[in-house]
Amino acid sequence: MNLILLGPPNAGKGTQAKKLYADFKIPQISTGDILRKAVREGTELGKLAGPLMAAGAYVPDEIVIGIVEERLKEPDVAPGFILDGFPRTTPQAEALERMLAKLGKKLDAVVSLEVPHEKLIERGSGRRSCPVCGSVYHVFQSPPKRAGFCDKDGASLTQREDDKAEVIEKRLKKYDAETAPLKQFYAQRGLLKSIDGVGSPEGIYEELKKAVGKA
Ligand code: AMP
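Now for a description of the structure that goes with this document. (Residues numbered from 1 in each chain as written. Predicted model: local features only at pLDDT ≥ 70, side-chain atom pairs only at ≥ 80, totals over all residues. Heavy atoms only, no water.)

**A closer look at the overall build of the protein chain**
Here is the rule we go by: Put simply, DSSP marks the helices as runs of H or I at least four residues long and the strands as runs of E at least two long, and each gets a number from the N terminus on. Computation of the radius of gyration draws on C-alpha atoms, with the globule rule given as 2.2 Å multiplied by the number of residues to the power 0.38. Summary of the burial criterion: residues with accessible area below 20% of their type's maximum are buried, those above 50% are exposed, and those between are partly exposed, where the area comes from a 1.4 Å probe applied to protein chains only. It only takes one pair of heavy atoms within 4.5 Å for two residues to be counted as in contact. All tallies of charge rest on Lys and Arg as positive and Asp and Glu as negative; His and the ends of each chain are not included. Lysine's charge is taken at NZ, arginine's at CZ, aspartate's at CG and glutamate's at CD.
Of regular secondary structure, the protein chain possesses nine helices and seven strands. In terms of overall dimensions, the protein chain is globule-like: its C-alpha atoms have a radius of gyration of 17 Å, near the 17 Å expected for 215 residues. Burial statistics for the protein chain: of 215 residues in total, 44% are counted as buried. By sequence separation, contacts in the protein chain at least 24 residues apart represent 69% of the contacts at least 6 residues apart. Side chains of the protein chain give 34 positive and 30 negative charges; the mean places of these two sets differ by 2 Å.

**A look at the pattern of salt bridges**
Our working definition: The term salt bridge refers to a pairing of a side-chain nitrogen on Lys or Arg with a carboxyl oxygen on Asp or Glu at a separation within 4 Å.
In this structure the tally under the stated criterion is 20 salt bridges. Of the charged contacts in the structure, one is a salt bridge between Asp162 and Arg160, with a shortest N-O distance of 2.9 Å. Residue classification places Asp162 among the buried positions, given a relative accessible area of 8%. By sharing partners, the salt bridges in this structure join Arg127, Arg160, Asp162, Asp163 and Arg171 into a single network.

**Considering the packing of aromatic side chains**
Let me state the cut-off plainly: Here the aromatic set is Phe, Tyr and Trp, taking the six-membered ring for Trp, and pairing holds for ring centres within 6.5 Å; pairs whose planes are under 30 degrees apart are stacked, those over 60 apart are edge-to-face, and all others are tilted. Two conditions define a charge sitting above a ring: the NZ of Lys or the CZ of Arg must be within 6 Å of the ring centre, and it must be within 35 degrees of the ring normal.
Under the definition given, this model contains one aromatic pair. When the ring of Phe185 is compared with that of Tyr186, the centres are 4.9 Å apart and the planes differ by 80°; the resulting orientation is edge-to-face. Overall, the relative accessible area of 8% leaves Phe185 in the buried class. Stacked on the ring of Tyr21, the Lys or Arg Lys25 has its end atom at 5.6 Å from the ring centre. For the cation-ring pair, Arg146 lies above Phe149, with the distance from its terminal atom to the ring centre recorded as 4.0 Å.

**Thoughts on the site of the ligand**
Worth spelling out the cut-off: Proximity criterion: a residue is near a molecule or strand once any of its heavy atoms comes within 4 Å of it. Whenever two N or O atoms come within 3.5 Å, that pair is a polar contact, provided that in protein one can donate a hydrogen and the other can accept it, and provided that, for residues adjacent in sequence, both atoms are side-chain atoms. Three classes are used, and their members are as follows: Ala, Val, Leu, Ile, Met, Phe, Trp, Tyr, Cys and Pro are nonpolar, Asp, Glu, Lys and Arg are charged, and the others, Gly among them, are polar.
Around the ligand, 16 residues are found, and the nearest of them are Thr31, Arg36, Ala57, Gly85 and Arg171. The separation between a nitrogen atom of the ligand and a polar main-chain atom of Gly85 is 2.9 Å. Gln92 has a polar side-chain atom sitting 2.9 Å from a nitrogen atom of the ligand. A per-element tally of the shell around the ligand places helix H2 (residues 31-41) first, with four residues. When grouped by side-chain class, the residues that make up the shell around the ligand number seven nonpolar, four polar and five charged.

**As for the environment of Cys130**
Checked against the element boundaries, Cys130 lands in the loop between strand E5 (127-129) and strand E6 (136-138). Cys130 gets classed as buried once you look at its relative accessible area, which sits at 3%. Every residue in contact with Cys130, bar those within four places of it in the chain, is listed here: Ser135, Cys150, Asp153, Ala155 and Leu157.

**Re helix H7 (residues 165-179)**
Note the cut-off: The length a helix should cover is 1.5 Å for every residue beyond the first. What the arc measures is the spread of directions leading from the helix axis to the C-beta atoms.
Taking 1.5 Å per residue as the helical rise, H7 with its 15 residues ought to reach 21 Å, and the 20 Å between its terminal C-alpha atoms agrees with that figure. All of the buried residues in H7 are Val167, Ile168, Arg171, Leu172, Tyr175 and Thr179. Buried residues of H7, viewed axially, fall in a sector of 140°; they line one side. Residues Glu166, Lys173 and Ala177 are exposed on H7 and point more than 90 degrees away from its buried face. Its buried side turned inward, H7 meets strand E1 (2-6), helix H3 (44-54), helix H6 (117-125) and helix H8 (181-188).

The structure is reproduced here in structure tokens:
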């Protein structure tokens, strides 16, 4: 099963991708996670991407395309993959079509998680993450056992720069202008399935499985 999870920042793409991974063992390919790891490790990629991410801007197409192209060649994606946060622009979607054709793979579905903007801002502003291991919490929805500290390594949790309210608004504008048009792109190819992304993660997951014929 080769899937794209499409949706604005904080729509819950990562949460759903992890559930799919747990059930079907198809890896989640999150360009955001790959870039954040590069920032934490201080690599060249991280140095370039960090300031753009903190400002709510996109990392250049050719860079993220290169990351995904390499990742899709790895053996663990043979049974399938879940793209989370890629593609985000029409050139990325076009590049993905070319690379999948080259690899002899094809998309089964593109699931768009629909969530109103107010809800996205509320979700993002409560999110906290661990600067050491990358674990993610939410002050109300999934708090750590000890407020402010990571369950796994005890590090002080921080708010991601790009979860600050003004940056979230900028990211949403960017999503509407550059990423939302991909819904049309995939609808034209008969691949788009839109589902309501408001509700419990479990309920949304049931809808997602129905949408991809795995319920
Ligand atoms: P995410 O965790 O998917 O919301 O991504 C966090 C940030 O990483 C985004 O706001 C962008 O700055 C950058 N990023 C992740 N994926 C992409 C992509 N496909 N194209 C451009 N920038 C990306």
